Amino acid sequence: MLASIPSRRSLELLGAAVVAGGLAGAAFTAGVRRERRESKRLHRTLVQLLLNTLSSGDPVTARHSRRVADLTDPIAGALELPPREQATLRVAALLHDMGKIDDRFFHIIHSRSPLSKRQRAEIKQHPCESAHILEPLEPVHPEISRIVASHHECWNGSGYPNGLAGEEIPLAARIISVADVFDAVTQPRAYHDPLSVEEAFEALREDAGSKFDPAIVALLERPEVRERWAQIARSGLEEEERVQGRA
Ligand SMILES: [Fe+2]
C-alpha cells in the first residue's frame, strides 16, 4: 500500500509542534540551569555562614581554615581531582575545625600554658564534633563528615580519633592533614614562633611516611605547588601580624 503524502496543513502543524517542543525543551533546560545556579549560590552562602560563625567565636581558627583551604587547592590541581572532589575537599578544608566552636574547647585552644592530660584528651574530640556539625552537608558533599573526622589521623596509624592508617584515611583528609600542619607551624601561635617556609617543608619531609602520606608530601617538590604554599604562608604571616598587632 502506498504511504499517503502528508498534506501541507499537517506539515505546518508538525513544524509548529517541533518548534513548540524545542522552545519547551529550551525553557526546561534554562529552568534547570537557573535552579542549579540558585542551589550553588545557596550552598556558598551556607558555607560562608558557617565560616562567619566560626570566625565570630574563634577568628584565629577561621583565618587558619581559610589558609588551609587555599593550600589544598594546588594539591587538588596536581592530583587532577575531579571537580566534585575538589569542591568537597575545599569545603572540608574550610570547615575541618568547625567543631572547635564548642565552648568546652575554647580555653584549651587558647591556653598559654602546657595542656594537662585531660585537656589533651578533650581536644582530640574536635574532629568528631566537626563531623557531627557538617553531617547535613553529606547530600552535597558525600564523605565530608568522614573527611573532617579524619584530619588528625596519621599515615602510620598513630593519629586520632580512630587510629586509621594509610589509605583507610580518606584522601582529602590526608591532604588537609599536611596543609593543616604546614599552616600551624608557619604562623605565629601563643606557644611558638613561626618556622620559616623552608624549615616547615623540611619538617613535613621528615614526617612523610609516618605522620603524612608520602605521596602528598612529594607533591610539595613541584615548583608550582611549593611556590604557591610559600606565598600563602607569607601573606598569612602579614595578615596575622597586622591583626594581632591591632589586637
Ligand atoms: Fe584540627
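Each value, and the rule that gives it
Residues numbered from 1 in each chain as written. Predicted model: local features only at pLDDT ≥ 70, side-chain atom pairs only at ≥ 80, totals over all residues. Heavy atoms only, no water. Donors = N, O, S within 2.8 Å, 3.2 Å for Na, K, Ca; no water. Helix = DSSP H or I, 4+ residues; strand = E, 2+ residues; numbered from the N terminus. Buried < 20%, exposed > 50% of the residue type's maximum accessible area, 1.4 Å probe, protein only. 1 Å grid on protein atoms, 1.4 Å probe; cavity = no way out; pocket = protein on both sides within 12 Å on 5 of 7 lines; lining within 4 Å. Points joined across faces, edges and corners; volume = space filled by probe spheres on them. Salt bridge = Lys/Arg side-chain N within 4 Å of Asp/Glu carboxyl O. Nonpolar A, V, L, I, M, F, W, Y, C, P; charged D, E, K, R; others polar. Lys, Arg positive; Asp, Glu negative; His and termini not counted. Polar contact = N/O pair within 3.5 Å; in protein donor to acceptor, adjacent residues only side chain to side chain. Contact = heavy atoms within 4.5 Å.

## Here's the deal with the coordination of the iron ion
Phase 1: Distances from the iron ion to its protein donors, Asp97 (OD), His126 (NE2), His151 (NE2) and His152 (NE2), fall at 2.2 to 2.3 Å.
Phase 2: In the primary structure, the donors to the iron ion are separated according to the pattern D-x28-H-x24-H-H. Here His126 is found in helix H6 (residues 126–134), whereas its partner His152 is found in the loop between helix H7 (144–149) and helix H8 (171–186), with 26 residues between them in sequence. Grouping residues by exposure puts His126 and His152 together as buried.

## Observations regarding the layout of surface pockets
Phase 1: Estimated volume of the second largest pocket: approximately 550 Å³.
Phase 2: Lys40, His43, Ala87, Val140 and His141 are, among the 18 residues lining the second largest pocket, the residues nearest its centre.
Phase 3: Looking at the lining of the second largest pocket, the elements with two or more residues in it are helix H1 (8–57) and helix H3 (83–95).
Phase 4: Broken down by element, the lining of the second largest pocket gets its largest block of residues, 9 residues, from H1.

## Thoughts on the pattern of salt bridges
Phase 1: Per the counting criterion, the structure on display carries 19 salt bridges.
Phase 2: Here Arg41 makes a salt bridge to Glu38, at a shortest N to O gap of 3.0 Å. Linking Arg41 with Glu38, this pair stays in helix H1, spanning 3 residues, or about one helical turn.
Phase 3: Residue classification places Arg41 among the partly exposed positions, given a relative accessible area of 42%.
Phase 4: Look at Glu38 and you get partly exposed, because its relative accessible area is 36%.
Phase 5: For Arg118, the salt bridge goes to Glu122, with nearest N and O atoms at 2.9 Å. With Arg118 and Glu122 both in helix H5 (residues 117–123) and 4 residues apart, this pair spans about one turn of that helix.
Phase 6: We classify Arg118 as exposed; its relative accessible area is 57%.
Phase 7: Each of the salt bridges in this network shares a partner with another, and the network as a whole consists of Arg63, Arg67, Asp183, Glu239 and Glu240.

## Examining empty space enclosed by the protein
Phase 1: All told, the structure shown has 2 cavities of 30 Å³ or more when counted by the stated rule.
Phase 2: Around the largest cavity, the lining residues are Glu153, Cys154, Trp155, Ile169, Ala173, Arg174, Ser177, Lys211, Phe212 and Asp213.
Phase 3: Class assignment of the residues belonging to the lining of the largest cavity gives a composition of 5 nonpolar, 1 polar and 4 charged.
Phase 4: Approximately 30 Å³ is the volume found for the second largest cavity.
Phase 5: Considering the residues around the second largest cavity, the lining is formed by Val60, His64, Arg67, Gln187, Pro188, Arg189 and Glu240.
Phase 6: Residue contributions to the lining of the second largest cavity peak at 3 residues, all from helix H2 (residues 59–78).

## Some remarks on the side chain of Glu153
Phase 1: Among the structural elements, Glu153 can be located in the loop between H7 and H8.
Phase 2: In this structure Glu153 is buried but unpaired, with Arg146 as the nearest side chain of opposite charge at 8.5 Å.
Phase 3: Within the structure, the side chain of Glu153 is placed 2.8 Å from the backbone nitrogen of Asn162, a separation counted as a polar contact.
Phase 4: At a separation of 3.0 Å, a polar atom in the side chain of Glu153 contacts the main-chain amide nitrogen of Gly163.
Phase 5: Glu153 has contacts with Gly159, Tyr160, Pro161, Asn162, Gly163, Leu164, Ile169, Ser177 and Lys211, leaving out every residue within four places of it along the chain.

What is shown is where atoms sit, not what they do.
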